[in-house]
Amino acid sequence: MIIKSAEFITSAVKPSQYPDEALPELAFAGRSNVGKSSLINAILNRRHLVKTSTTPGRTQLLNFFLINDEMVFVDIPGYGYARAPVSVRKEWGFMIETYLSTRSNLKGVVLLMDIRRIPGPEDISVTDWLNYHKIPFIRILTKADKLSKAQQIKQKGIIAKTVLAETDDLILFSAKTKVGKKAVWDAIVKLIGC
Ligand code: GDP
């Protein structure tokens with residue numbers, strides 16, 4: 001994908017603040033610190049378009065980005081920050097569920113998991129929830145550069161079993177080496193249908 005332009009549109013908490021629904025949209029989700037900001041910046045060839053995480057515990061927003069004037073990426077704040085107060089987690093759940101279940105131009109969700117971690121209950125409940133709402137999604141294993149080739153294969157197998165996926169459906173990616181960038185784009189293009 002040739003990136004001609006990528007710009008921040010707006011932040012939102014509730015539907016009245018979302019931008020209009022004219023373009024196909026894709027949302028990015030994962031645990032906090034999974035490497036979501038790094039992945040979005042890397043696939044857009046930008047260094048600082050999406051700010052890397054600062055204070056994961058505080059209330060966060062949905063951030064909308066316009067790509068090539070033809071699609072919109074939505075950065076969903078990371079979940080699973082252990083020290084986040086219950087009230088913040090509840091707000092997070094409500095904001096995300098409202099967004100995902102009402103957004104008419106949402107084409108799918110890019111779910112990120114750290115290749116070194118066994119997916120936790122939150123990763124599994126997000127996929128259950130997306131399946132229930134019939135929202136298509138793709139899965140990416142981030143920070144692949146942190147493991148050797150042999151370890152990558154082993155972890156991929158373990159993660160696939162845990163989330164009940166086919167190993168071929170787990171895309172390996174590294175924001176550091178850019179490995180997997182084309183595979184990520186191919187999957188995104190398929191999902192978004194552009
Ligand atoms: P976010 O909270 O999901 O947006 O995660 P960030 O993109 O802010 O990344 C969290 C931390 O992981 C930062 O210190 C990044 O530099 C690091 N990181 C992200 N992606 C990679 C990667 O592919 N390889 C390595 N080695 N580190 C990464």
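The structure presented is a predicted model; accordingly, all values stated were derived computationally and were not measured.

(A) The arrangement of the side chain of R139 in detail. Its location among the elements puts R139 in strand β6 (residues 137-142). Of the side chains with opposite charge, D169 lies nearest to the buried R139, which makes no salt bridge, at 6.1 Å. Not counting chain neighbours up to four residues away, the residues in contact with R139 comprise L111, M113, T127, V163, A165, D169, L170 and I171.

(B) Spatial organisation of the site of the ligand. Around the ligand, a shell composed of 14 residues is seen, among which K36, S37, S38, D145 and A175 lie nearest. Within the backbone of N33, one N or O atom sits 2.9 Å away from an oxygen atom of the ligand. A distance of 2.6 Å is found between a nitrogen atom of the ligand and a side-chain nitrogen or oxygen belonging to D145. Looking at the shell around the ligand, its residues break down into two nonpolar, seven polar and five charged.

(C) Examining the sheet that holds strand β7 (residues 170-172) more closely. The seven strands are arranged β1-β3-β4-β2-β5-β6-β7 in an open sheet whose pairing can be described as mixed. The outermost strands of the open sheet, each flanked by one partner alone, are β1 (6-12) and β7. Between one strand axis and the next, the sheet turns through 25 degrees on average, direction left out of account. Bridge analysis of strand β3 (residues 62-67) against strand β4 (residues 71-75) gives five bridges, and the strand direction is antiparallel. Looking at β4, one finds that F65 is bridged to F73. Along the sheet, helix α1 (residues 36-43) makes contact with β2 (25-30), β4, β5 (106-114) and β6, crossing β2 at roughly 145 degrees. The strands touched by helix α4 (residues 149-163) are β5, β6 and β7; relative to β7, the strand with the most contacts, the crossing angle is about 150 degrees.

About the criteria used
- Residues numbered from 1 in each chain as written.
- Predicted model: local features only at pLDDT ≥ 70, side-chain atom pairs only at ≥ 80, totals over all residues.
- Heavy atoms only, no water.
- Helix = DSSP H or I, 4+ residues; strand = E, 2+ residues; numbered from the N terminus.
- Buried < 20%, exposed > 50% of the residue type's maximum accessible area, 1.4 Å probe, protein only.
- Lys, Arg positive; Asp, Glu negative; His and termini not counted.
- Salt bridge = Lys/Arg side-chain N within 4 Å of Asp/Glu carboxyl O.
- Contact = heavy atoms within 4.5 Å.
- Near = heavy atom within 4 Å.
- Polar contact = N/O pair within 3.5 Å; in protein donor to acceptor, adjacent residues only side chain to side chain.
- Nonpolar A, V, L, I, M, F, W, Y, C, P; charged D, E, K, R; others polar.
- Pairing = 2+ DSSP bridges.
- Axes fitted to C-alpha atoms, helices over the stretch in contact; angles between N-to-C directions.

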